[in-house]
Amino acid sequence: MPTFQSAKDGDRIILKVTGEMDAHTAPQLDKALKDAIAQSAKVILDVSQMTYIATAALGVLMANHNTVKTKGGKIVICGMQEKIKKVFDTMGFSKVFSVVSSLDEAKKLL
Amino acid sequence: MKQTLSLKIEASLEQLKKIRQELSSFFEQWKANENDVFTLLLMVDEIVTNIIRYGYENKKGEISLDVHYTDHTAEITIEDSAPPFNPLEYPPVDIEKHLNEGKTHGLGIHVLRTYADSCEYQKTKNGNRLIIRKVMH
């Protein structure tokens, strides 16, 4: 089962995602992101423990990215595993999202 | 080592993880490249998701998967009894436009086009058969 942990960090919120995100679990990711965005439009998504992502979950990221943009905020993704990063790059998602390797780097961007 | 794997699953999104686990274990014994296994799982996951959501429209149904691995090539045959639908005739996605417009759906078949080395669709007596081939490095 995936887990979602969120923590306030100044005016941003850090959401840590653990587990596999597919069409079955994507609605849980959506809820976690919406809850996070309700607290702050500056979201750091720590995916270092996320081991899988399907396009249903990529769609959830895109929808929430669209929401934070309208609020003048941003989603920065950090700690992506290499095999997921490759898919992200190939599918062009790296051009849409800010993807950095560490939490420290993410904090510098937000 | 096993060269074939057959699965029959109930058409439910809850089964996606089980499919990935079975395929992962199958390819692990062959020590296949991790990135190739990952993209293969992704393709199967996307196709099965589409069958459940749009083929069976989240209603009851069955999906069968047959996996063959020979000469570093994985061949996966996915069969269902849903209304006929050929994903290979689905118009290609302009990915840049798609992302720029902030679209949130419609990338499953794009994944198949991106990562499969070859694909074949056959309409069967009861539904659909899709054969996906991928060279594993």
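These figures come from a predicted structure and were not determined experimentally.

Thresholds applied
- Residues numbered from 1 in each chain as written.
- Chains lettered and ligands numbered in written order.
- Predicted model: local features only at pLDDT ≥ 70, side-chain atom pairs only at ≥ 80, totals over all residues.
- Buried ≥ 20, exposed ≤ 12 C-beta atoms within 10 Å, placed from the backbone.
- Helix = DSSP H or I, 4+ residues; strand = E, 2+ residues; numbered from the N terminus.
- Pairing = 2+ DSSP bridges.
- Contact = placed C-beta atoms within 7 Å.
- Nonpolar A, V, L, I, M, F, W, Y, C, P; charged D, E, K, R; others polar.
- pLDDT = per-residue confidence, 0-100.
- Axes fitted to C-alpha atoms, helices over the stretch in contact; angles between N-to-C directions.

Moving on, we get to the pairing of strand S4 (residues 118-123) of chain B. Residues and elements named next belong to chain B. Of all 6 residues that make up S4, 0 are buried, and the element is exposed over most of its length. In the sheet, S4 pairs with strand S5 (residues 128-135) via 6 bridges, with the strands oriented antiparallel. In the strand pairing of S5, Tyr121 is matched with Leu130. Linking S4 back to S5 in an antiparallel pair, the connection comprises 4 residues.

All right, on to the interface of chain A and chain B then. If you look at the interface, chain A gives 21 residues, while chain B gives 22 residues. Those elements that provide at least two residues to the side of chain A that touches chain B are helix H2 (55-70), helix H3 (82-91) and helix H4 (93-96) of chain A. Considering every element that reaches the side of chain A that touches chain B, the biggest residue donor is H2 of chain A, with 7 residues. Considering only residue class, the side of chain A that touches chain B consists of 10 nonpolar, 6 polar and 5 charged.

Okay, the confidence of the model for chain B next. Per-residue pLDDT for chain B averages 95, and the proportion of residues at 70 or more is 100%. Scored by ipTM, the complex comes to 0.94, with pTM at 0.95.

Once that is clear, we can look at the sheet that holds strand S1 (residues 4-10) of chain B. In a beta sheet, neighbouring strands are held together by backbone hydrogen bonds and run either parallel or antiparallel to one another. All names here are of chain B. Pairing is antiparallel in the open sheet, where 5 strands are placed in the order S1-S2-S3-S5-S4. Either end of the sheet is taken by a strand with one partner, and the two such strands are S1 and S4. On average, each strand axis in the sheet is inclined to that of its neighbour by 15 degrees, with strand direction left out of account. By the bridge criterion, 8 bridges tie strand S3 (residues 73-80) to S5 in an arrangement that is antiparallel. Its bridge partner lying in S5, Thr73 is registered against Val135. Packing against the sheet, helix H1 (residues 16-28) makes contact with S1 and strand S2 (62-70), and its axis sits at approximately 175 degrees to S1. Relative to S3, helix H2 (residues 34-55) is tilted by about 10 degrees, and along the sheet it contacts S2, S3 and S5.

A negative phi holds for most residues other than glycine; trans holds for most peptide bonds. Residues and elements named next belong to chain B. The backbone of Lys31 sits at a positive phi, close to 50 degrees, despite the residue not being glycine. Given 10 C-beta atoms within a 10 Å radius, Lys31 is considered exposed. The phi angle at His72 is positive, at roughly 60 degrees, despite the residue not being glycine. Of the residues examined, His72 has 13 C-beta atoms within 10 Å and is grouped as partly exposed.

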